Amino acid sequence: MSKVSKLRELTTRPPTPEHQEEFDKQTADDADDRSFCLLLSAMLENNLDRAIDHWIADDSEDLRKSLYEQDGLLATFARKISFAIVTCIVGPVSRENLRLIRHVRNAFAHAKSPITFATPEVATICEDLVRINIFDPPEEPDQDPNLLSRKRFEVVCNETMIRLSSSTGFKVLFWDDDGIERPIIGGALP
């Protein structure tokens, strides 16, 4: 296997639970906006991969590799989003959220000038992100219009990751501010 092939394999290797602590450090409040956006988006894409893998329900490493490799059907975030739409893993609200998140991620990845969540072009896109319910029984999430763009991006990414994980049958544990465990809703995303 070539060095480049090994590097590509590294980028498609599923994360392990041990990686979560490092992800949490790198997405902490003091992380710079560019790093924060890129890592949080990558984590979201990884969760989308797992939901797609669950839907496909084939443990064949050869199939997975052919789908996710450089020219594979699921090689890009945009293609994964399209696949999730076609397979009804995500509905219209989450579809639009994922589309906007992908565009924000691409802006942070490719901008040739400094960029932050306060950059007007980024902030206006983040205003359009819609929070989704994660709880069972369902409750309407607060769409606080005063939520700062970075925080809205973070909250929508996290809610989407929680729902994607739950949709695969993984029991997501969540405790509210009072220390009470809250059940997470499963199934397709809105």
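As the structure is a computational prediction, the values presented were derived from the model and not from experiment. (Residues numbered from 1 in each chain as written. Predicted model: local features only at pLDDT ≥ 70, side-chain atom pairs only at ≥ 80, totals over all residues. Heavy atoms only, no water.)

### Focus: the confidence of the model for the chain
As a reminder, the rule being used: Values of pLDDT, which run from 0 to 100, indicate the predictor's confidence residue by residue. In DSSP terms, a helix is any run of H or I states spanning at least four residues, a strand is any run of E spanning at least two, and both are numbered starting from the N terminus.
With 97% of its residues at a pLDDT of at least 70, the chain reaches an overall mean of 88. Of all helices and strands in the chain, the one with the weakest mean pLDDT is helix 2 (residues 19–26) (72), whereas helix 7 (residues 120–127) scores best (97).

### Some details on the side chain of N47
The criterion, for reference: Relative accessibility under 20% of the residue-type maximum defines a buried residue, over 50% an exposed one, and the middle range a partly exposed one, all with a 1.4 Å probe and only protein chains included. As used in this structure description, the phrase polar contact means that two N or O atoms lie within 3.5 Å; if the pair is within protein, one of them must be able to donate a hydrogen and the other to accept it, and residues adjacent in sequence are counted only when both atoms belong to side chains. Should any heavy atoms of two residues lie within 4.5 Å, those residues are counted as being in contact.
Mapped onto the elements of the fold, N47 is located in helix 3 (residues 33–56). Classification of N47 as buried rests on a relative accessible area of 8%. Engagement of the side chain of N47 in a polar contact is seen with the side chain of S165, the distance being 2.8 Å. Leave out the neighbours within four places in its chain, and N47 touches M161, L164 and S165.

### Considerations on unusual backbone geometry
Negative phi is the rule for most residues except glycine; trans is the rule for most peptide bonds. That bond from D136 to P137 is cis: its omega, 5 degrees, falls within 30 degrees of zero. Turning to its location among the elements, P137 is positioned in the loop between helix 7 and helix 8 (149–167). One non-glycine residue, C88, lies in positive phi territory at about 65 degrees. Residue position: C88 is located in the loop between helix 5 (77–86) and helix 6 (92–110).

### Focus: the packing of helix 7 against helix 8
When two helices pack together, you describe them by how their axes are tilted relative to each other and by the distance separating the axes. What counts is decided by this rule: Axes, fitted as lines to C-alpha atoms, cover a helix only where it is in contact. Angles between the N-to-C directions of the axes lie from 0 to 180 degrees. When describing relative orientation, an angle under 35 degrees is termed roughly parallel and one over 145 degrees roughly antiparallel, while 65 to 115 degrees is termed roughly perpendicular and anything else oblique. The hand of a helix crossing depends on one turn: near helix anticlockwise from the far one by less than a right angle means left-handed, and clockwise means right-handed. Classes in brief: Ala, Val, Leu, Ile, Met, Phe, Trp, Tyr, Cys and Pro nonpolar; Asp, Glu, Lys and Arg charged; the others, Gly included, polar.
Close contact between helix 7 and helix 8 brings their axes to 9 Å; oriented N to C, the two are set at 45 degrees. In terms of axis orientation, helix 7 runs oblique to helix 8. Remark: the crossing between helix 7 and helix 8 carries left-handed chirality. Side by side, helix 7 and helix 8 meet where A123, C126 and E127 of the first sit next to S149, R152 and F153 of the second. Per-class residue counts for the contact of helix 7 with helix 8 are three nonpolar, one polar and two charged.

### Section: the packing of aromatic side chains
For clarity, the cut-off: Between 30 and 60 degrees the pair is tilted, below 30 it is stacked and above 60 it is edge-to-face, where a pair is any two Phe, Tyr or Trp rings, Trp via its six-membered ring, whose centres lie within 6.5 Å.
Summed over all chains, the structure comprises five aromatic pairs. Both rings, one in W55 and one in F83, keep their centres 5.7 Å apart while their planes meet at 85 degrees; by these two values the pair is edge-to-face. Of the two residues, W55 is situated in helix 3 and F83 in helix 5; the sequence distance between them amounts to 28 residues. The interplanar angle of 50 degrees and the centroid separation of 5.2 Å between the aromatic rings of F117 and F153 together place this pair among those described as tilted. Of this pair, F117 sits in the loop between helix 6 and helix 7 while F153 sits in helix 8, placing them 36 residues apart in sequence. Relative accessible area serves as the criterion here: at 2%, F117 is assigned to the buried category.

### Some details on the state of the cysteines
Here is the rule we go by: Throughout, disulfides are identified as pairs of cysteine sulfur atoms within 2.5 Å of each other.
Per the stated rule, a full pass over the model turns up zero disulfides. We note that C37 lacks a disulfide partner, and the nearest cysteine sulfur, in C157, lies 7.4 Å from it. Classification of C157 by relative accessible area gives buried; the value is 0%.

### Describing the pattern of salt bridges
In plain terms, the rule: Salt bridge, as used here, is a side-chain nitrogen of Lys or Arg placed within 4 Å of a carboxyl oxygen of Asp or Glu.
Applying the stated criterion across every chain yields a total of nine salt bridges. Residue R150 pairs with D33 through a salt bridge whose shortest N-O separation is 2.6 Å. Taken together, the residues span a long stretch of sequence, with R150 in helix 8 and D33 in helix 3 at a distance of 117 residues. Accessibility expressed as a relative area gives 15% for R150, which makes it buried. Of the charged contacts, one joins E96 and R99 as a salt bridge, the two residues approaching to 2.7 Å between their closest N and O atoms. Of the two residues, E96 and R99 are both situated in helix 6; the distance of three residues between them amounts to about one turn of the helix. Here E96 falls in the partly exposed class, since its relative accessible area comes to 32%. The network of salt bridges with common partners includes E45, D49, K80 and R105.

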